[in-house]
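# Overview (structure and organization)
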Amino acid sequence: MKVISKTRKAHSWNEDRFINGKNFNIVLDGATPLIKDKNFNSARWMVEYIKKRIKRYDGGIKERFTALCRDAYEDLPVKEKSAATIPSASACWAEFDGERLRIGVLGDCEATVIKKDGSIVRCFCGDLARLDTVALEKLKEICEQKGVTDIIGSRIFIDDILIKHRNLINKDGGYTALTLSSNPVINEKTFLFDICELSKIYLYSDGFSQAFEHLHIYENHNEMFSKIDDIEEEIAKIAETSYSDRLGTKYPRFKIIDDITVTEITL
């Protein structure tokens with residue numbers, strides 16, 4: 001087995017993390033809370049907390065996440081702990097158990113499995129992407145009405161929608177994510193595979209899936225993963241295309257560029 005992990009930060013900080021263990025691999029994408037502290041990035045703190053400590057815990061990944069989210073809740077250095085001040089994180093992981101592979105997905109992190117017969121399986125939730133599509137369509141509509149071409153800079157127009165969606169974490173009609181709590185709830189989507197049938201596995205944050213979701217470097221997911229050769233080259237394509245459209249006029253989206261993290265596992 002060969003494992004390659006790459007990450008690219010969008011700013012001076014990075015809210016993504018990758019973790020490679022003895023029989024597991026994880027990608028995390030932290031999300032800041034609704035009430036932000038400009039002097040403390042709690043999303044980055046959360047994913048780093050998990051990365052540094054996960055190998056100290058026993059059990060499967062879900063059991064480790066549950067314990068970590070409980071302990072991180074106690075250790076989170078904020079004065080008031082409420083839904084509006086606590087960070088969250090999307091996650092995807094590959095867990096090897098004998099002859100079986102278990103893929104877990106939360107939020108908008110994804111996994112792609114390539115089989116020896118050439119078939120490509122996308123492992124994702126889709127709930128957060130669905131909510132983001134609703135918000136983005138509304139933003140495009142408002143910008144058109146106002147004659148505004150700076151879509152990315154106009155995100156303030158839909159803050160109320162984004163706040164409403166953020167409040168739907170781990171609720172009906174919302175999306176799943178890791179959240180810090182004294183009683184964590186983890187409702188991942190699970191995919192099972194026979195390892196002998198697989199050739200490659202990709203785990204990635206939504207910064208990587210921008211290549212086929214919004215930037216149209218590829219027409220769709222299947223095209224990207226049928227052509228992918230070098231993950232560093234793919235990250236470079238995403239960065240180049242993102243910065244060529246800083247206003248989001250050509251490729252409507254919420255950010256110029258997001259943190260990008262991907263792990264490639266060759267079996």
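Residues numbered from 1 in each chain as written. Predicted model: local features only at pLDDT ≥ 70, side-chain atom pairs only at ≥ 80, totals over all residues. Heavy atoms only, no water.

## Notes on the sheet that holds strand β7 (residues 120-123)
The five strands lie next to each other as β1-β11-β10-β6-β7, forming an open sheet whose pairing is antiparallel. In this open sheet, the two strands that pair with only one neighbour each are β1 (2-8) and β7. With direction set aside, neighbouring strand axes in the sheet form an average angle of 15°. Pairing geometry for strand β6 (residues 110-115) and β7, over four bridges, is antiparallel. Directly across from threonine 112, in β7, lies its bridge partner arginine 122. Where helix α7 (residues 231-243) meets the sheet, it contacts β1, β10 (198-204) and β11 (260-266), and its direction lies at approximately 20° from that of β1. (Pairing = 2+ DSSP bridges. Helix = DSSP H or I, 4+ residues; strand = E, 2+ residues; numbered from the N terminus. Axes fitted to C-alpha atoms, helices over the stretch in contact; angles between N-to-C directions. Contact = heavy atoms within 4.5 Å.)

## Quick look at the packing of aromatic side chains
Counted by the stated rule, this structure contains six aromatic pairs. Note on tryptophan 45 and tyrosine 49: the rings are 5.0 Å apart at their centroids and 35° apart in plane angle, and the pair reads as tilted. Pair noted here: tryptophan 45 and tyrosine 49 are both in helix α1 (residues 42-53), with a separation of four residues, about one helical turn. Overall, tyrosine 49 belongs to the buried group, its relative accessible area being 5%. On the numbers, 5.5 Å between centres and 55° between planes, the contact of tyrosine 204 with phenylalanine 208 is tilted. The same class applies to tyrosine 204 and to phenylalanine 208, which are both buried. Three or more aromatic residues link up through ring pairs in this structure, and these residues are Tyr202, Tyr204, Phe208 and Phe225. For the cation-ring pair, arginine 53 lies above tyrosine 49, with the distance from its terminal atom to the ring centre recorded as 3.9 Å. Directly above the aromatic system of phenylalanine 124 lies the positively charged group of arginine 122, at a separation of 3.9 Å from the ring centroid. (Phe/Tyr/Trp six-rings, centres within 6.5 Å; stacked < 30°, edge-to-face > 60°. Buried < 20%, exposed > 50% of the residue type's maximum accessible area, 1.4 Å probe, protein only. Lys NZ or Arg CZ within 6 Å of the ring centre and 35° of its normal.)

## Some thoughts on the nonpolar core
Membership of the largest hydrophobic core comes to 26 residues, with the highest contact counts inside it found for Ile26, Leu28, Ile50, Ile54, Phe65, Leu178 and Leu180. Looking at this core, the elements with two or more residues in it are β3 (24-31), α1, α2 (61-75) and β4 (88-97). The greatest single-element share of this core, amounting to seven residues, is contributed by α2. Apart from the residues lying within four places of it in its own chain, the contact partners of isoleucine 54 are Ile19, Phe24, Ile26, Arg64, Phe65 and Leu68. With 20 residues, the next largest nonpolar core counts Ala211, Tyr251, Ile260 and Val262 among its residues. (Core = buried A, V, L, I, M, F, W, Y, C linked by side-chain atoms within 4.5 Å.)

## A few points about α2
Spanning 15 residues, α2 covers 20 Å between terminal C-alpha atoms, matching the ideal 21 Å at 1.5 Å per step. Burial in α2 covers these residues: Ile61, Arg64, Phe65, Thr66, Ala67, Leu68, Cys69, Ala72 and Tyr73. Turning to α2, the residues buried within the fold contact β3, α1, β4 and β8 (178-179). (Expected span 1.5 Å × (residues − 1).)

Taken by themselves, the reported measurements are silent on function.
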